[in-house]
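Now for the letters of each chain:
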Amino acid sequence: MSKNTRISALLPLSLVEEVRKVSILENKTQSGIIKDALENWLKSKLERDTKLLSKINFSDLPSEDEWEVIQSKI
């Protein structure tokens, strides 16, 4: 079970008004709308980060022989 934590945020009035409208139209709490939006943002960020990481080229890693030399010095 996850714990909820209260936070405080300063938001532009236009954004607050939109959240209020959606809250009424969808019969959801404003907190629920913001929580969903943040979860969607995080999911999107994780997808972007995953795509970026999948393109990393590890050609600059030491070879096995070089790694042995490095390890022997430690």
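Worth saying up front: this structure is predicted, and the values here are computed from it rather than measured.

A.B. asks: Looking at this model, I keep getting lost on a negative patch on the surface. Mind explaining?
C.D. replies: Taken together, Glu64, Asp65, Glu66 and Glu68 make up a surface patch of like negative charges. Note that glutamate 66 resides in helix H3 (residues 64–73).

A.B. asks: What's the story with the pattern of salt bridges in this structure? I'm lost.
C.D. replies: Between side chains of opposite charge, a pair can form as their charged atoms come close. Scanning all chains against the criterion turns up 4 salt bridges. One salt bridge in this structure joins glutamate 39 and lysine 35, with 3.0 Å as the shortest N-O distance. Here glutamate 39 pairs with lysine 35, and both are found in helix H2 (residues 30–54), just 4 residues apart, close to one helical turn. For glutamate 39, a relative accessible area of 41% gives the class partly exposed. Across the pair aspartate 49 and lysine 45 runs a salt bridge, and its minimum N-O distance is 2.9 Å.

Calculation rules
- Residues numbered from 1 in each chain as written.
- Predicted model: local features only at pLDDT ≥ 70, side-chain atom pairs only at ≥ 80, totals over all residues.
- Heavy atoms only, no water.
- Patch = residues over 30% accessible without salt bridge, like charges linked within 9 Å, V, L, I, M, F, W, Y side chains within 5 Å.
- Areas by Shrake-Rupley, 256 points an atom, 1.4 Å probe, with all protein chains shown as cover.
- Salt bridge = Lys/Arg side-chain N within 4 Å of Asp/Glu carboxyl O.
- Lys, Arg positive; Asp, Glu negative; His and termini not counted.
- Charge placed at Lys NZ, Arg CZ, Asp CG, Glu CD.
- Helix = DSSP H or I, 4+ residues; strand = E, 2+ residues; numbered from the N terminus.
- Buried < 20%, exposed > 50% of the residue type's maximum accessible area, 1.4 Å probe, protein only.

Keep in mind these values describe shape, not function.
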